[in-house]
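Analysis of the macromolecular model
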Amino acid sequence: MSEKTVIGQVITKAAAAFRIRDITPPQYASMKYPKWLPLMRFACRQYTLEGFGNLFAMETRAMGGLMKLSTMVFTPYSGKSVPFFLVDTMEMKKKRLAYVEYYDCTAKGAALPESEGQAAEFAALPDYAETPAWYTSRRTPYSLIKGGEGADAGALEAMLLTCVDRYLKGAKEASTDPDNLPGLRDFQRDMLVLGNPSSGTLSKVLGKEGAELAFKTAIMPVEPPQDTGRAQ
């Protein structure tokens, strides 16, 4: 993944904040669907962030490259008192979207002081009217769902990267509490049982059981995966 892409920039920022190891499972590194004459191609990376947890990143190319998506998932399985954090982008023709989603699964409430005024800070960027889902009500008030037709791609990327910087700073400074883990496990279960944005796509590529395994071990592990990678 190029350092110039959003994912590349986020990985670079994560590596500056934490000691990271690339533990990407070979079976997920490069995938396509369908197998013959693929309409979708996926490039995935998985990292452990020492003292924090897991970072999963996936780039998707679909419709012959006309649609480009990126997904980054920060899972604090160390028990850090910060939210579970999702970052997504989508680009298709003139449509640009950026999702910055925080889900507070902690026992006593997570605090990201520099992030809590984000709704007002980025109010000038257009909100995107997404399709409601069970998890949307679980987001913190400073989550941001922005973009639309003709949206400023540079402004959306700058917003997203600012939010990542603030999250990583907050995660580095946050305390660790093992009581945070039950809530994280419950949310992982809900994402599997009630569905998540990648459920349908992953089930097509990996089958239902394979998609569940990928979610539990690579996308949102709630305990340390087997670490066979290399430090960066």
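See the structure shown above.
Described in the following lines is the structure provided in the data block. The shown structure was predicted, so the numbers you read here are calculated from the model rather than taken from an experiment.

**What about the pairing of strand β3 (residues 40-49)?**
Two strands pair when backbone bridges link them, and strand β1 (residues 20-22) and β3 are joined in this way by three bridges, in the antiparallel orientation. Paired with D22 across the two strands is Y47, which belongs to β3. Both strand β2 (residues 30-33) and β3 contribute to a ladder of four bridges, which runs antiparallel. Residue K32 lies in a different strand from β3, and its bridge partner there is R41. With antiparallel pairing between neighbouring strands as the criterion, β2 and β3 make up a hairpin whose turn holds six residues, including L37 at a positive phi of roughly 50°. Where β3 hands over to strand β4 (residues 53-62), the hairpin turn is made up of three residues, of which G51 adopts a positive phi near 85°.

**Quick word on unusual backbone geometry**
Residues apart from glycine generally show negative phi values, whereas peptide bonds are mostly found in trans. Cis geometry marks the peptide bond from Y33 to P34, where omega comes out at -15°. Within the element layout of this structure, P34 appears in the loop between β2 and β3. Look at L37: it is not a glycine, yet its phi comes out positive at around 50°. Relative to the helices and strands, L37 resides in the loop between β2 and β3. What makes L37 exposed here is its relative accessible area of 76%. Phi at K93 takes a positive value of approximately 55°, unusual for a residue other than glycine. Within the element layout of this structure, K93 appears in the loop between β6 (84-92) and β7 (95-103).

**Observations regarding the nonpolar core**
One finds L49, M72, F74 and Y167 to be the most contacted residues of the largest nonpolar core, which totals 37 residues. Residues contacting Y167, with those up to four places away along its chain left out, are F52, F74, P76, V82, P83, F85, Y102 and L112. V73, F187, A218 and M220 belong to the second largest nonpolar core, which has 24 residues in total.

**With respect to the pairing of β6**
For β6, the buried fraction is high: seven of the nine residues fall into the buried class. As defined by bridge partners, β6 adjoins β7 across nine bridges and the pair is classed as antiparallel. Within β7, the position partnered with T89 by the bridge is A98. Connecting β6 to the antiparallel partner β7 that follows it, the hairpin turn spans two residues, and K93 within it adopts a positive phi of roughly 55°.

**What to know about the pattern of salt bridges**
Applying the stated rule across the entire model yields 13 salt bridges. Of the charged contacts in the structure, one is a salt bridge between K108 and D177, with a shortest N-O distance of 3.8 Å. With a gap of 69 residues between them, K108 in the loop between β7 and α3 (118-121) and D177 in the loop between α4 (153-173) and α5 (181-193) connect regions that are remote in the sequence. On the basis of relative accessible area, K108 is assigned to the exposed category, the value being 71%. Looking at D177, the relative accessible area reads 14%, which means it is buried. E212 is the partner of K216 in a salt bridge, and the nearest nitrogen-oxygen pair spans 3.1 Å.

**Focus on the environment of P132**
Looking at the element boundaries, P132 is found in the loop between α3 and β8 (144-149). In the structure, P132 is positioned 66 residues away from L66 in sequence and 25 Å away in space, judged by C-alpha atoms.

Quick notes on the rules
- Residues numbered from 1 in each chain as written.
- Predicted model: local features only at pLDDT ≥ 70, side-chain atom pairs only at ≥ 80, totals over all residues.
- Heavy atoms only, no water.
- Pairing = 2+ DSSP bridges.
- Helix = DSSP H or I, 4+ residues; strand = E, 2+ residues; numbered from the N terminus.
- Buried < 20%, exposed > 50% of the residue type's maximum accessible area, 1.4 Å probe, protein only.
- Core = buried A, V, L, I, M, F, W, Y, C linked by side-chain atoms within 4.5 Å.
- Contact = heavy atoms within 4.5 Å.
- Salt bridge = Lys/Arg side-chain N within 4 Å of Asp/Glu carboxyl O.

Worth remembering: the numbers are spatial, not functional.
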